[in-house]
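# Coordinates in review
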Amino acid sequence: MSGLPHIDNIVFELTEACNQCCRFCYNYWRDGSTPLPPPDPRLVRRTLRKLLSQASVGTISFSGGEPMLLRNIHDLALRARFKGARVNVLTNGGLLTEDAIANFKSIGVGAVQIPLLSAEEAVHDYLTQVPGSWKKAVDATRRAVEAFGKGAFTVLVITRVNAPGIPETLRLIDRLGIRGVMVNRFNLGGMGLKNLRELELDRDTLHKAFADVESFAAAHPDIRFVSGVCTPICVMDPSPYPHIQFTYCTTDFTRRPVTVSFRGDVRFCNHSPHVLGNIYDRPVGEILTDPEIIARYAEIPDHCRDCKLLKRCNGGCRAASEQVFGTFSRPDPLLKI
Ligand code: SF4
Ligand code: SF4
Ligand code: SF4
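## Structural notes on the overall build of the protein
Along its length, the protein carries 13 helices and 11 strands. Taking 337 residues into account, the globule formula puts the C-alpha radius of gyration at 20 Å, and the protein, at 19 Å, falls close to it. Projected onto its principal axes, the C-alpha positions of the protein cover 50 × 50 × 40 Å. For the protein, the proportion of contacts with a sequence separation of at least 24, taken over those separated by at least 6, is 74%.

Dropping the structure here:
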């Protein structure tokens, strides 16, 4: 696609609404205080069209909120596929019917990711606050594996509530046929801030959780484990967990998931609440290369200035700092644990 800037990875938020109310939900707009606006299929379509006219996109991940609430999600996926983008769907699985999966498959959607929080129905449903959600997630996972094979992924968000059950949860995930698992430690933000006391991981629980994942991963080399939320290395050194791939944050937009909402707001990533600009006002490429914006993300936290690990760790998840402290210039709030 000549002339257009290329963005490798975009998280496109189709809606703020969701049919679950997860206690750990990091979405910055979710604090339980206001009702969420209903999905707006026409606006989403217009914004997607605008976005794809401004940039060539490698992979676009449909997210939310719950993206399956959009009745035109298949048309949106098809449009993105026509423009040459790979399409992934990040869903809680509650609305992922057999038909929906078959449609995604025929359109050429590459991957579907569904959270599974526990092998115990009661624990999963407690965390999502929706009775019956575990059963739906398990059924959807089964169907996704059948249709997508290695393109079916699970995300396991590790909180203090479900950490003790990790070995059983991983056994269930294995039995369902999943071959790619994101193990994301609870990251501060959104509803999670309301439920901090209950969910927050102390160092021992965090290390034990990753040790459990590591020993399962070592025994199951056919399953790939990725830690998708970067954790400050001074809080958790990844070297004892060689079978888990740890990702680290980068301010380089060509190597991280830039986030665009259905309104056209552009953000650093899906965890960040700070809007950099809107694609209806300026093209996305211009927003992402704006020197002022680049300078904002070049700031180094004082605490990390002399750290030898800075280049790799970058101060942890600083979108969490934005949510907790209102600034990107402080290190990950996890440092206090
Ligand atoms: S974590 Fe996902 S499924 Fe849960 S409330 Fe948030 S957007 Fe919905
Ligand atoms: S860069 Fe900062 S957060 Fe990361 S290891 Fe160093 S001191 Fe810790
Ligand atoms: S700021 Fe946090 S959530 Fe955002 S890309 Fe970096 S590690 Fe991921």
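This is not the end of the story, as more comes after the structure.
## Notes on helix α9 (residues 203–219)
Between its terminal C-alpha atoms α9 stretches 24 Å, which fits the 24 Å expected from 17 residues at 1.5 Å a residue. Three or more residues of α9 are buried, namely L206, A209, F210, D212, V213, F216 and A217. Seen along its axis, α9 keeps its buried residues to an arc of 150 degrees; they face one direction. For α9, exposure combined with an orientation more than 90 degrees from the buried face picks out R203, D204 and A219. In this fold, the buried residues of α9 make contact with β5 (152–158), α6 (166–175), β6 (180–185), β7 (224–227) and β8 (244–246).

## What about the site of ligand 2?
Taken together, P232, I233, C234, H303, C304, C307, L309, L310, C313, G315, G316 and P331 form the complete shell of residues around ligand 2. Of the residues assigned to the shell around ligand 2, the class counts are nine nonpolar, three polar and no charged.

## Overview of the nonpolar core
One finds F62 and V213 to be the most contacted residues of the largest nonpolar core, which totals 85 residues. Ignoring any residue separated from it by four or fewer positions in sequence, one finds V213 in contact with I166, L170, V183, F225 and I244.

## Here we look at helix α5 (residues 133–148)
Given a rise of 1.5 Å per residue, 16 residues ought to cover 22 Å, and the 21 Å separating the end C-alpha atoms of α5 matches this to within 8%. Buried within α5 we find S133, W134, K136, A137, V138, A140, T141, R143, A144 and V145. Elements in contact with the buried residues of α5: α3 (98–107), β4 (111–115), α4 (121–128) and β5.

## Brief notes about unusual backbone geometry
Between G64 and the following residue, G65, the backbone shows a cis peptide bond with an omega angle of 15 degrees. Structurally, G65 can be placed in the loop between β2 (56–63) and α2 (73–82). Unusually for a residue other than glycine, Q129 sits at a positive phi of about 65 degrees. Position of Q129 relative to the elements: it lies in the loop between α4 and α5.

## Brief notes about the environment of A217
In this structure, A217 sits in helix α9. Under the C-beta neighbour-count criterion, A217 is labelled buried, with 21 such atoms within 10 Å. Taking C-alpha positions, A217 is 7.1 Å from I244, a pair spaced 27 residues apart along the chain. Filtering out sequence-adjacent residues up to four positions away, A217 remains in contact with I223, F225, H243 and I244.

## Details of the sheet that holds β7
To summarise the sheet geometry, strands pair through backbone hydrogen bonds and adopt either a parallel or an antiparallel arrangement. One open sheet accounts for 11 strands, arranged β8-β7-β6-β5-β4-β3-β2-β1-β9-β10-β11; its pairing is mixed. Looking along the sheet, the strands with just one partner apiece sit at the ends: β8 and β11 (275–278). Neighbour-to-neighbour, the strand axes of the sheet open up by a mean angle of 25 degrees, direction not taken into account.

## What about the pairing of β6?
Burial of β6 is one-sided: the residues V181, V183 and R185 facing one way are buried, the residues G180, M182 and N184 facing the other way are not. With five bridges joining them, β5 and β6 adopt parallel strand pairing. In the sheet register, L156 faces β6, and the bridge partner there is V183. Handedness of the crossover joining β5 and β6 through α6: right-handed. Bridge count for β6 against β7 is three bridges, and the pairing is parallel. Each residue of the ladder has a partner; that of V181, found in β7, is F225.

## Considering the site of ligand 3
In the vicinity of ligand 3, the contacting residues are V229, C230, C249, R256, C269, H271, S272, C317, R318 and A319. Taken together, the residues of the shell around ligand 3 break down into six nonpolar, two polar and two charged.

## Things to note about the packing of helix α1 (residues 41–54) against α2
The geometry of α1 relative to α2 is characterised by a closest axis approach of 11 Å and an angle of 10 degrees between their N-to-C directions. Considering the angle they form, α1 stands roughly parallel to α2. Contact with α1, carried on its side by V44, R45, L48, R49 and L52, involves L76, R79 and A80 of α2 and no other residues of that element. Along the lines of polarity and charge, the residues of the contact of α1 with α2 split into five nonpolar, no polar and three charged.

Each value, and the rule that gives it
Residues numbered from 1 in each chain as written. Chains lettered and ligands numbered in written order. Predicted model: local features only at pLDDT ≥ 70, side-chain atom pairs only at ≥ 80, totals over all residues. Helix = DSSP H or I, 4+ residues; strand = E, 2+ residues; numbered from the N terminus. Rg over C-alpha atoms; globule rule 2.2 N^0.38 Å. Contact = placed C-beta atoms within 7 Å. Expected span 1.5 Å × (residues − 1). Buried ≥ 20, exposed ≤ 12 C-beta atoms within 10 Å, placed from the backbone. Arc of directions from axis to C-beta. Near = placed C-beta within 6 Å. Nonpolar A, V, L, I, M, F, W, Y, C, P; charged D, E, K, R; others polar. Core = buried A, V, L, I, M, F, W, Y, C linked by C-beta atoms within 7 Å. Pairing = 2+ DSSP bridges. Axes fitted to C-alpha atoms, helices over the stretch in contact; angles between N-to-C directions. Right-handed = clockwise from strand over helix to strand, strands pointing away. Parallel < 35°, antiparallel > 145°, perpendicular 65-115°, else oblique.

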